[in-house]
Amino acid sequence: MRFKLKIALALLVFLGATSLSQAALEIERGPIYGLLKKALPFKNLEIAGYLKTETALRAHGLDEFMKQANIAQLETEYKFNENIQFFSILKWFYDSVYQLEDRYKDDPQWESKTNKKLKYPEKLQWLRECYLDILTDRLDLRLGKQQVVWGTADGVRILDIVNPLDYREWTLQNYIDSRIPLWMLNAEGKLLANGQLQLLLIPDYQANYYPPSGAPFTLRAVRLGAESVQALTAAGITVSTIEEKPAHTFKNTKIGLRWRDIIEGHGFEYTLNYLRAYSFASSAYSQLQFGAPPKFYLTRRAEGINVFGGTFSKTITEGIIMPGLAKGWTLRGEFAYITGDAMNIGTDKVIKQTGSNTVDVDQYNYVLGFDKSFFTNWQFSFQFVQMWAKAKEKYDKNLYTLLNGATRGPLDEVETILTLQLATDFLHERLKPQVLVLYGDDNDWRISPKVSYEINDQWLVTGGFNFFEGKEQHLNGQFDKNDEVFMELKYSF
Amino acid sequence: MKKIILLLMGIVLVSGYAFAAGLEYFQLQKPKEGMTADEIMQIKYFNKYSLFAHDYESIGDVVFIEKDGSKRNRRFLRERIILGRGSDDVSYKDLVMFTEPTSVKGLATLTWNYMNPKRDQDVWLWLPSLRKIRKVSAGQADDSFMGGDFTVEEITSRRFQDETYKLIGEENFKGYTSFFDGKVYHKDEPCYVIECRPVRSPWYYSKRVTYVSKNFGGNMLDEIYDPNGKLYRTLFRGWIIMDVNGKPYPAQKRVEGDDLRTGHKTVIIFDEIKFDQGLKEDVFSEKTLMRQRW
């Protein structure tokens, strides 16, 4: 591993030495790009990519790695002609934190025995995207593995639920890196001047990826589950986990529809969305069967869900009610009604032990966003988010509550989240500080300041902190002890 | 993100507010003898935004030059369609897509500009890092865009109504020596010298002196004075005259900004400039933004 690190560092130094000189109007792409173009001398092939190293240390003591990942990404685009084009993203990464910090592999709760994917939390997926575009004036078809992004919200997923998510680093990564691409057909047809109808047919299914117990950002619910399995096994109870995922049949194909339009003359944009899918976060059903030996069956089921939603965005270009009022603000919103999903009930840490422990729920989630620039170059972005979960089945609310799927802590019927992002720049935009603050109404916080510096066209360095504050029952509070300082160095070609 | 928006909007250079002011779309306009400063400036804005054409395409190279001589680059493709359409107030629509370097590759904006001078632009931004389109606000007028040596309003949003004008002379332009290639541009070009003072006060500049060509109605040089009346920045636009179907279309070939206080400089050079290629309005939609893959 040390050897791999040395190679990575040597490569970065080499790249640094060979890419600092630039000629005006000749945009330097560096030696890697040059080598790739020589190796793949196709006229219609465009290549890009990056090498990146990401390091994070636990803020308390600065003596423990949270991450030491080296990443290589290669993006290729081949144009058969103006109408038919192929695109792919290959990505390799290796997080050596599991070698640098023995505590992970020595953790008795380490889940790596049965699930091959969980066995390698340090690396996952090399084929990020791979699709063929067929473009015409009236209809665009995109066939293959891809991400589809719905919605207008930043940092929270209301309608952005076409693709599952990789929670390896909770939600600290950009969604572009943490969404798990799916194989699908994506067709978008033009019906009006600015009105387009999108149809998604998604035969592929992947669940969200949750890091196993013992990983740096293991969800509390996963850790508690692992502890329960340990305790049951120690008590002589055989534990069987059954994964109920939708079979790859035509009947199970997920369907998405989106109507998008801009009302010309008003600059008002809206979408109407529908998704028939399976939940990426499976519901847990448990059953204890007495006998010799006793058996405990844990069934994780991907529930079939229907999502109805919509978005809007509007920039105030003249004023509201009177000229000039609120001019310059961009307002945006997003709403989703999700039916068919299920949640566990119980008390903090403990899923209800007797009788039915899962209830069907309807969810009503929305976000309102307000964006504006102030003081010449300070960008302000505020979001108000509410998530309602209403059980469709009766249960004893004096004894139990709905449980948060990520923490197995009590879930309020209405959870409110506020987000604030401030960003600006200095030194002719080379130095870009920003801070993101997320606040949950249970006094649950995440504060993430960071600053990036563009050394030149190829090199970018970023440093920052992620502070978590709150109780372990809540989304960010569960990582209260995971405050970290991080540094990233990226070389693009 | 705002800076990205400004960058994308800014390098359009000719995107911004249509002002019309009685000038007929799709007709070449040039100053005539005896015109007032207001009339000359109306033509200057008309030509700056090339409202005489039906559509426009170009490839642009941006070079930021630090005081120590180090450079950073950007390359973009740009398309525009001029509509001058009273029914929905749309003056023209712009599309800018970055192609290099990789750090900005794929960034794209769609801008709709309106005939009503009091109305802001509508701007949509394609963010490759998020894989989504964001509706965004137009930039603050006094902000520099893309870290360069122009303000947002100088490039994208200044309107005829934002200043008052006074004709202070007529002369043959002394020429501008490029800090980028050392060549002298527009030497001896007959021009009007016009003093422009911002309506807004206080503002980041107290006045600018602009040199508008008598031959093609474009402004070649702005000398910009700070609130204390001291010259602190110059903004040069180099023009070429293109023969388009027998008509002499003025086109900006280069823009150079020089901050005399900091020593920072920015140059934008336009290549492969094309007019009236028959671009369809369909291209200027979100669909085109979403076709971006990077």
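1. Structural notes on the overall build of chain B
Right, on to step 1. Each helix and strand counted, chain B has four helices and 15 strands in total.
Right, on to step 2. Rg of the C-alpha trace for chain B: 18 Å, near the compact-globule value of 19 Å for 294 residues, within the 12% margin.
Right, on to step 3. In terms of principal-axis extent, the alpha carbons of chain B reach across some 50 × 50 × 40 Å.
Right, on to step 4. Within chain B, the fraction of its 294 residues that count as buried is 53%.
Right, on to step 5. Relative to all contacts within chain B whose residues are 6 or more apart in sequence, the contacts with residues 24 or more apart total 56%.

2. Notes on the interface of chain A and chain B
Right, on to step 1. On the side of chain B, 45 residues touch chain A, which itself brings 53 residues to the contact.
Right, on to step 2. Among the secondary structure elements, those contributing two or more residues to the side of chain A that touches chain B are strand S1 (45-58), strand S2 (65-79), helix H6 (175-178), strand S6 (182-190), strand S13 (304-315), strand S14 (330-347) and strand S16 (358-374) of chain A.
Right, on to step 3. Looking at which element gives the most residues to the side of chain A that touches chain B, the answer is S16 of chain A, with three residues.
Right, on to step 4. Counted by class, the side of chain A that touches chain B contains 15 nonpolar, 20 polar and 18 charged residues.

3. Some details on the pairing of S1 of chain A
Residues and elements named next belong to chain A.
Right, on to step 1. Pairing of S1 with S2, which is carried by 13 bridges, proceeds in the antiparallel orientation. By the bridge assignment for S2, tyrosine 50 is matched with glutamine 73.
Right, on to step 2. As consecutive antiparallel partners, S1 and S2 are separated by six residues, and within that stretch glycine 61 has a phi angle of approximately 95 degrees, a positive value.
Right, on to step 3. Direction of pairing for S1 relative to strand S23 (residues 484-492): antiparallel, over a ladder of nine bridges. Across the sheet, the residue bridging to leucine 57 is valine 485, located in S23.

4. Considerations on unusual backbone geometry
Right, on to step 1. Proline 101 of chain B follows glutamate 100 of chain B through a cis peptide bond whose omega is -5 degrees.
Right, on to step 2. Position of proline 101 of chain B relative to the elements: it lies in the loop between strand S3 (90-100) and strand S4 (108-114).
Right, on to step 3. At the junction of serine 201 of chain B and proline 202 of chain B, the peptide bond is cis and its omega measures out at 0 degrees in the coordinates.
Right, on to step 4. Following the sequence through the fold, proline 202 of chain B ends up in the loop between strand S10 (190-198) and strand S11 (207-213).
Right, on to step 5. We note that asparagine 443 of chain A has phi near 60 degrees; this positive angle belongs to a residue other than glycine.
Right, on to step 6. Tracing the backbone shows asparagine 443 of chain A in the loop between strand S20 (431-440) and strand S21 (444-454).
Right, on to step 7. A residue is classified by how many C-beta atoms lie within 10 Å of it, and asparagine 443 of chain A, with 11 of them, is exposed.
Right, on to step 8. Phi is positive for phenylalanine 26 of chain B, close to 65 degrees, though the residue is something other than glycine.
Right, on to step 9. Turning to its location among the elements, phenylalanine 26 of chain B is positioned in the loop between helix H1 (2-10) and helix H2 (37-48).

5. Here we look at the sheet that holds strand S8 (residues 238-244) of chain A
Residue and element names in this part refer to chain A.
Right, on to step 1. The three strands are arranged S8-S12-S11 in an open sheet whose pairing can be described as mixed. Edge positions in the open sheet fall to S8 and strand S11 (283-289), since each of these has one partner strand only. Neighbour-to-neighbour, the strand axes of this sheet turn through a mean angle of 15 degrees, independent of strand direction.
Right, on to step 2. Relative to strand S12 (residues 295-301), S8 runs parallel, the two being bridged by seven bridges. Its bridge partner being in S12, isoleucine 242 is matched across the sheet by threonine 299.

6. What to know about the confidence of the model for chain B
All names here are of chain B.
Right, on to step 1. Confidence in the prediction of chain B, expressed as mean pLDDT, is 88, and 92% of residues score 70 or more.
Right, on to step 2. Throughout residues 11-20 the model reports pLDDT below 50, and contacts reaching past four residues in sequence, or to other chains, amount to 44 contacts.
Right, on to step 3. Prediction confidence for the complex, expressed as pTM and ipTM, is 0.86 and 0.82 respectively.

7. Some remarks on the pairing of S13 of chain A
Residues and elements named next belong to chain A.
Right, on to step 1. Sheet topology note: the strand S10 (residues 268-278)/S13 ladder contains eleven bridges and is antiparallel. Its bridge partner lying in S13, phenylalanine 268 is registered against lysine 314.
Right, on to step 2. Sheet topology note: the S13/S14 ladder contains ten bridges and is antiparallel. Bridging from a neighbouring strand, glycine 309 pairs with alanine 336 of S14.

8. Side note on H2 of chain B
Right, on to step 1. Helix length check: H2 of chain B, at twelve residues, gives a terminal C-alpha distance of 16 Å against a target of 16 Å (1.5 Å per residue), a fit within 8%.
Right, on to step 2. With its phi angle positive at about 40 degrees, serine 50 of chain B sits one or two positions after the end of H2 of chain B.

9. Notes on the nonpolar core
The nonpolar side chains of a soluble globular protein tend to be buried with one another.
Right, on to step 1. Among the nonpolar cores identified, the biggest contains 69 residues, and Ala108, Leu125, Trp126, Met220 and Leu289 of chain B are the most heavily contacted of them.
Right, on to step 2. When residues of this core are assigned to their parent elements, the largest contribution, six residues, is made by S3 of chain B.
Right, on to step 3. Membership of the second largest hydrophobic core comes to 33 residues, among which are Val162, Leu200, Ile202 and Leu438 of chain A.

Procedures and definitions
- Residues numbered from 1 in each chain as written.
- Chains lettered and ligands numbered in written order.
- Predicted model: local features only at pLDDT ≥ 70, side-chain atom pairs only at ≥ 80, totals over all residues.
- Helix = DSSP H or I, 4+ residues; strand = E, 2+ residues; numbered from the N terminus.
- Rg over C-alpha atoms; globule rule 2.2 N^0.38 Å.
- Buried ≥ 20, exposed ≤ 12 C-beta atoms within 10 Å, placed from the backbone.
- Contact = placed C-beta atoms within 7 Å.
- Nonpolar A, V, L, I, M, F, W, Y, C, P; charged D, E, K, R; others polar.
- Pairing = 2+ DSSP bridges.
- Axes fitted to C-alpha atoms, helices over the stretch in contact; angles between N-to-C directions.
- pLDDT = per-residue confidence, 0-100.
- Expected span 1.5 Å × (residues − 1).
- Core = buried A, V, L, I, M, F, W, Y, C linked by C-beta atoms within 7 Å.

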